[in-house]
Amino acid sequence: MKTLTPTMMTSISEVMETMFFLPLEEQEGSKVEEVLGSGPLHACTIDFTGAFTGTMALVAQEALLYAMAENFMGEDRDSLATKDLEGTLQEALNMIAGNCFSQVNPDAVVDLGVPRIKNTLDHRIFPGHLVVVTTEGMLAALSTIE
């Protein structure tokens, strides 16, 4: 299995900074478990087929997801519902995946599925992962290519 980890970092950085106004840095040496064991979390996956086939996932701390939704939607925290947080996470993953594949190969045709919210996520099935930190919290990105 291959991973998209190197390109994912660039894609996450571009999307988080331009769409959510959150600068970030990669936490080298950090483990996904550091994010998973850190309180309320939200997870989302997206499958892809075509030139590349596999799955990409995002796991975000709730505090970070609130900041993302506030910045993306222009709403204050008190007016945000769970569906707003989930929609923001789904849109972030969709943008990150699209950006990532266009960087890997701009001519490749990759069909993205519909991002799905997950109540549980077994991070061990994803060989590629990275952890990024913003001023608002941590995000784990996971990927696998079959």
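So, here is what we can say about the structure in this document. (Residues numbered from 1 in each chain as written. Predicted model: local features only at pLDDT ≥ 70, side-chain atom pairs only at ≥ 80, totals over all residues. Heavy atoms only, no water.)

What about the packing of helix α1 (residues 5–19) against helix α4 (residues 82–104)?
Heads up, the condition is: Axis definition: a line fit to C-alpha positions, over the contact stretch in the case of helices; interaxial angles, taken between N-to-C directions, run 0 to 180 degrees. Elements are defined by DSSP. Helices are runs of H or I of four residues or more, strands are runs of E of two residues or more, and each kind is numbered from the N terminus. Any angle from 65 to 115 degrees is called roughly perpendicular, while one under 35 is roughly parallel, one over 145 is roughly antiparallel, and all others are oblique. We call a crossing left-handed when the near helix sits turned anticlockwise from the far one by less than a right angle, and right-handed when that turn is clockwise. Contacts between residues were defined by any pair of non-hydrogen atoms, one from each residue, lying within 4.5 Å. Residues are grouped as follows: Ala, Val, Leu, Ile, Met, Phe, Trp, Tyr, Cys and Pro are nonpolar; Asp, Glu, Lys and Arg are charged; every other residue, Gly included, is polar.
Interhelical geometry of α1 versus α4 gives an angle of 130° and a closest axis separation of 8 Å. Comparing the axis directions of α1 and α4 gives the class oblique. Regarding α1 and α4, the two cross each other, and that crossing is right-handed. Touching Thr7, Met8, Thr10, Ser11, Ile12, Glu14, Val15 and Met19 of α1 are Ala92, Met95, Ile96, Asn99, Cys100, Gln103 and Val104, all from α4. Taken together, the residues of the contact of α1 with α4 sort by class into 9 nonpolar, 5 polar and 1 charged.

Section: the nonpolar core
Note the threshold: Joining through side-chain atoms within 4.5 Å is the link that ties buried Ala, Val, Leu, Ile, Met, Phe, Trp, Tyr and Cys residues into a set, and such a set is a nonpolar core. Relative accessibility thresholds used throughout: buried, under 20% of the residue-type maximum; exposed, over 50%; partly exposed, between the two (1.4 Å probe, protein chains only).
With 38 residues, the main nonpolar core has Ile12 and Met56 as its most contacted residues. When residues of this core are traced back to their parent elements, those giving at least two are α1, β2 (41–50), β3 (54–61), α3 (62–73), α4, β6 (128–134) and β7 (137–145). Core analysis: the second largest hydrophobic core is formed by 10 residues, Ala57, Val59, Val131 and Ala140 among them.

Quick look at the pairing of β3
Definition in use: By the convention used here, strands pair only if DSSP detects at least 2 bridges between them.
Most of β3 sits out of view: 8 of its 8 residues are buried. A two-sided burial pattern is seen for β3, the buried positions comprising Gly54, Met56, Leu58 and Ala60 on one face and Thr55, Ala57, Val59 and Gln61 on the other. When β2 meets β3, the two strands line up antiparallel, connected through 8 bridges. Paired with Ile46 across the two strands is Met56, which belongs to β3.

Observations concerning the pairing of β2
The two faces of a sheet get side chains in turn, since along a regular strand they alternate between them. Once β2 ends, the chain turns through 3 residues before running back antiparallel as β3. Where β2 and strand β5 (residues 116–118) come together, 3 bridges link them in antiparallel fashion. In the sheet register, Cys44 faces β5, and the bridge partner there is Ile117. By the bridge criterion, 3 bridges tie β2 to strand β4 (residues 110–112) in an arrangement that is antiparallel. Counted as the bridge partner of Thr49 is Asp111 from β4.

A short note on unusual backbone geometry
Despite not being glycine, Phe21 has its phi angle at roughly 55°, a positive value. Position of Phe21 relative to the elements: it lies in the loop between α1 and β1 (24–26). Phe21 sits in the exposed class, given a relative accessible area of 54%.

Focus: the environment of Asn119
Here Asn119 shows up in the loop between β5 and β6. Owing to a relative accessible area of 82%, Asn119 belongs among the exposed residues under this scheme. In this structure, the C-alpha to C-alpha distance between Asn119 and Leu41, residues 78 residues apart in sequence, is 9.2 Å.

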